[in-house]
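Here is what each chain is made of, one letter per residue.
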Amino acid sequence: MKFDVVIVGGGLAGMTTGISLQKEGLSTAIISGGQNALHFFSGTFESLSAPEPRLATLFQEAGIHVHYKEGVRLMPLGTFRPSALSLEDISLFETPKIGRRALVVNFLGYHDFFSSFLAEGLEKEGLECRIRFISLPELEQLQLSPSEMRSVQIARKMDRVWEKVVQEVRVLLKDEDTVILPQVFGLLDPSVPGRIRQGIPAQVVFAGTMPPSVPGIRTQMLLKRRYEVLGGTFLGGDEAVSAHIHGGRVHSVVTRNLDSHYIEAQWFILATGGYFSKGLRSNPFEISEPVFGLDVEASEDRNQWYNPSFQADQPYMGYGVKADSSLHGIREGAPLENLFVAGSVLGSTHPEFGSAAGLAINSAFAACDQILRRHAPQDDTGCHSERSPKQDDTGCHSERSPKLDDTDCHSERSPKGGVEESQKEM
Ligand SMILES: Cc1cc2nc3c(=O)[nH]c(=O)nc-3n(C[C@H](O)[C@H](O)[C@H](O)COP(=O)(O)OP(=O)(O)OC[C@H]3O[C@@H](n4cnc5c(N)ncnc54)[C@H](O)[C@@H]3O)c2cc1C
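All values derive from a computational prediction rather than experimental measurement.

Draft legend 1. Looking closely at the site of the ligand. Around the ligand, 35 residues are found, and the nearest of them are Gly9, Gly11, Gly33, Gly273 and Gly343. Of all the secondary structure elements, the ones that give two or more residues to the shell around the ligand are helix 1 (12-23), strand 2 (28-32) and helix 9 (356-374).

Draft legend 2. Fine view of the packing of helix 1 against helix 9. Axis separation between helix 1 and helix 9 bottoms out at 8 Å; the angle between their running directions is 35 degrees. Remark: the crossing between helix 1 and helix 9 carries right-handed chirality. Contacts between helix 1 and helix 9 involve Leu12, Ala13, Thr16, Thr17, Ser20 and Leu21 from the first element and Ala357, Ala360, Ile361, Ser363, Ala364, Phe365, Ala367, Cys368 and Ile371 from the second. When grouped by side-chain class, the residues that make up the contact of helix 1 with helix 9 number 11 nonpolar, 4 polar and no charged.

Draft legend 3. Fine view of the environment of Leu38. When you line up the elements, Leu38 lands in the loop between strand 2 and helix 2 (53-62). Given 22 C-beta atoms within 10 Å, Leu38 falls into the buried group. As a C-alpha pair, Leu38 and Ser213 span 175 residues in sequence and 7.4 Å in three-dimensional space. For Leu38, the residues in contact, after removing those within four places along its chain, are Gly11, Leu12, Gly216, Ile217, Thr219 and Gln220.

Draft legend 4. Helix 6 (residues 192-199), seen in detail. Along helix 6, the residues that are buried comprise Val192, Pro193 and Ile196. Looking straight down helix 6, one finds that the buried residues subtend no more than 100 degrees of arc, so they occupy a single side.

Draft legend 5. Just the sheet that holds strand 7 (residues 101-107), in detail. The strand order across the open sheet built from 4 strands is 8-7-9-10, with neighbouring strands paired in parallel fashion. Where the open sheet ends on each side, the last strands, each with one partner, are strand 8 (128-134) and strand 10 (203-207). Taking the axes of each pair of neighbouring strands and ignoring which way they run, one obtains an average angle of 25 degrees across the sheet. Strand direction decides the pairing type here: strand 7 and strand 9 (residues 178-182), joined by 3 bridges, are parallel. Note that in strand 9 the partner of Ala102 across the bridge is Thr178. Each of strand 7, strand 8, strand 9 and strand 10 is contacted by helix 3 (residues 115-124), which is oriented at about 165 degrees to strand 8, the strand it contacts most. Taken strand by strand, helix 5 (residues 151-172) contacts strand 7, strand 8 and strand 9, and its axis lies near 140 degrees from that of strand 7.

Draft legend 6. Representation of the nonpolar core. If you look at the biggest cluster of nonpolar residues, it comprises 108 residues, and the most contacted ones within it are Val5, Val6, Val8, Ile269, Leu270 and Val341. With 8 residues, the top contributor of residues to this core is helix 9. Two domains share this core, each providing at least three of its residues, namely domain 1 (2-39 + 218-260 + 284-349 + 368-425) and domain 2 (59-210).

Draft legend 7. View of the environment of Tyr316. Following the sequence through the fold, Tyr316 ends up in helix 8 (residues 315-318). By C-beta crowding, Tyr316 is classed as partly exposed, having 18 other C-beta atoms within 10 Å. Considered as a pair, Tyr316 and Ala298 are 18 residues apart in the sequence and their alpha carbons are 7.2 Å apart. If we ignore the near neighbours within four places in the chain, the residues touching Tyr316 are Trp305 and Tyr306.

Draft legend 8. Spotlight on unusual backbone geometry. Following Pro211, the chain continues to Pro212 via a peptide bond in cis, the omega torsion being 0 degrees. Positionally, Pro212 belongs in the loop between strand 10 and helix 7 (214-229).

Draft legend 9. Inspection of the packing of helix 1 against helix 7 at higher detail. Where helix 1 meets helix 7, the axes come as close as 9 Å, and the angle between the chain directions of the two elements is 25 degrees. One element, helix 1, and the other, helix 7, form an angle in the roughly parallel class. Between helix 1 and helix 7 the crossing geometry is left-handed. Where helix 1 approaches helix 7, its residues Met15, Gly18, Ile19 and Gln22 are matched on the opposing element by Leu223, Lys224, Arg226 and Tyr227. Looking at the contact of helix 1 with helix 7 residue by residue, the classes come out as 4 nonpolar, 2 polar and 2 charged.

Draft legend 10. Spotlight on the environment of Lys2. On the secondary structure map, Lys2 appears in strand 1 (residues 2-8). It is 8.7 Å that separates the C-alpha atoms of Lys2 and Ser252, two residues lying 250 residues apart in sequence.

Draft legend 11. Focus on the pairing of strand 1. Within strand 1, 6 of the 7 residues are buried, which leaves the element mostly enclosed by the surrounding structure. Where strand 1 lies against strand 14 (residues 263-270), 6 bridges are found, and the strand directions are parallel. Across the sheet, the residue bridging to Val8 is Leu270, located in strand 14. As paired strands, strand 1 and strand 2 are joined by 4 bridges and run parallel to one another. Residue pairing in the sheet places Val5 in a bridge with Thr28 of strand 2. Assessed by its sense of winding, the connection that carries the chain from strand 1 through helix 1 to strand 2 is right-handed.

So, how was this worked out
Every chain begins its residue count from 1, and numbering advances along the sequence as written. Where totals are concerned, whole chains, interfaces and linings use all residues; where local detail is concerned, this predicted model gives features only for residues with pLDDT of at least 70, and gives and counts side-chain atom pairs only at 80 or more. For each residue, a C-beta atom is placed from the backbone, and the residue is labelled near a molecule or strand when this atom is within 6 Å of it. Numbering of helices and strands starts at the N terminus; helices are DSSP runs of H or I of at least 4 residues and strands are runs of E of at least 2. All axes here are fitted lines through C-alpha atoms, helices being fitted over the stretch that makes contact, and every angle between N-to-C directions spans 0 to 180 degrees. We call a crossing left-handed when the near helix sits turned anticlockwise from the far one by less than a right angle, and right-handed when that turn is clockwise. Placing a C-beta atom from the backbone of each residue, one calls two residues in contact when those atoms lie within 7 Å. Residue polarity follows a fixed list, in which Ala, Val, Leu, Ile, Met, Phe, Trp, Tyr, Cys and Pro are nonpolar, Asp, Glu, Lys and Arg are charged, and the others, Gly among them, are polar. A residue is called partly exposed when the number of other C-beta atoms within 10 Å of its own lies between 12 and 20, exposed at 12 or fewer, and buried at 20 or more, with C-beta atoms placed from the backbone. Here, the arc refers to the directions that run from the helix axis to the C-beta atoms. Should DSSP find at least two bridges between two strands, the strands are regarded as paired. Buried Ala, Val, Leu, Ile, Met, Phe, Trp, Tyr and Cys residues form a nonpolar core when they are connected through C-beta atoms within 7 Å. Bear in mind that the domain bounds are from an automatic or database domain assignment. Each angle gets one of four labels, with under 35 degrees taken as roughly parallel, over 145 as roughly antiparallel, 65 to 115 as roughly perpendicular, and the rest as oblique. Look down the strands so they point away from you; if the path from the first strand over the helix to the second goes clockwise, the crossover is right-handed.

The structure is reproduced here in structure tokens:
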């Protein structure tokens, strides 16, 4: 398999690069290991202000509806957090004084929405709260087991029966000016939260539940659909385990599922996320990046990784792979000329991109710009029309022997954490 660009990681950063590059006419593949931070998403894109035109276009074309207002949003336990750019179903308020009386509505048997903690928190802000539970025949099967009564399972039903929820809430509503519902609406149909708001004669606020996040999964599905509509190849449920690196260039990656079929490309993007997504791995001795063996910005003294004060900022959370100012990944002190890094795998090593979703999106756009600036289309033979000095005698990466000698693999270099293990499978 051969592409212009192979992107490792299908979270917010990987999807942003894939969509942007497909739109520019490059052929891309995204290798996506599994769950990503969007599955735990609050609905607020942190450290982003009103979307710049290209982000606004990306969201609009993917069918992701956002709004922007500097203020606060309601958290699952009834506290408030500063927020700005958010999905449309996340209510943004100027202050935590969001109303006078609230009706908090939960589903019978649903334990992942903490209605009483939520009400307690809101009462501290001066809001009088009344909690009520509703039960719908469509949820009866799920109610038989708490492990089935989860946000996504409920959301699958709600896309069809949300009107019944509106009817039930209308019956329950007395003199409350605010209704609070769990964020379990609009999984497949993003218009549902808006239609619920229209149907209830009070301010409707959707509050976060325990993961998985329904707004986050919807966002991921919309991004994936947009990517595939643009012709991208999404290799879901697979994992890049190692890479062939030679002469300062990445030539191909090996995945767990495709085994001996190398995935070749002119350019590669690393967007594998932080520790949570296994983009970074740690053991008692080191922190490593397992696919390309990139250098990681981290203190060599393990005692410096943690701050003993539990609530203080933890240094290890800021660690990430090293990349130069053009976002080339750095390996053994030198940049790899066709590998760019985007998203939270960068840690806080590039503060210019912001943090959280801001880091994912801004660095993804920056990595795309770097590739688009350099990309030379290939000719009919599959060779790069502009020959790179690092190519072999045929002038064509694709014609190199698929059986790389040992020096081509980073298994030969000093083993780094999980890298060593992954190389054994080659
Ligand atoms: C639990 C959690 C909740 C968060 N909530 C928010 C929030 O509400 N708002 C906000 O602004 N920010 C939030 N963040 C910050 C978050 O990191 C960014 O917002 C952003 O979504 C990160 O995107 P990413 O693409 O860089 O990484 P990720 O979302 O982590 O995606 C990386 C992907 O790469 C895949 N992957 C890893 N290794 C491989 C491999 N070898 N081969 C193939 N695939 C691989 C992973 O499976 C994963 O799917 C949260 C972070 C976490 C950890």
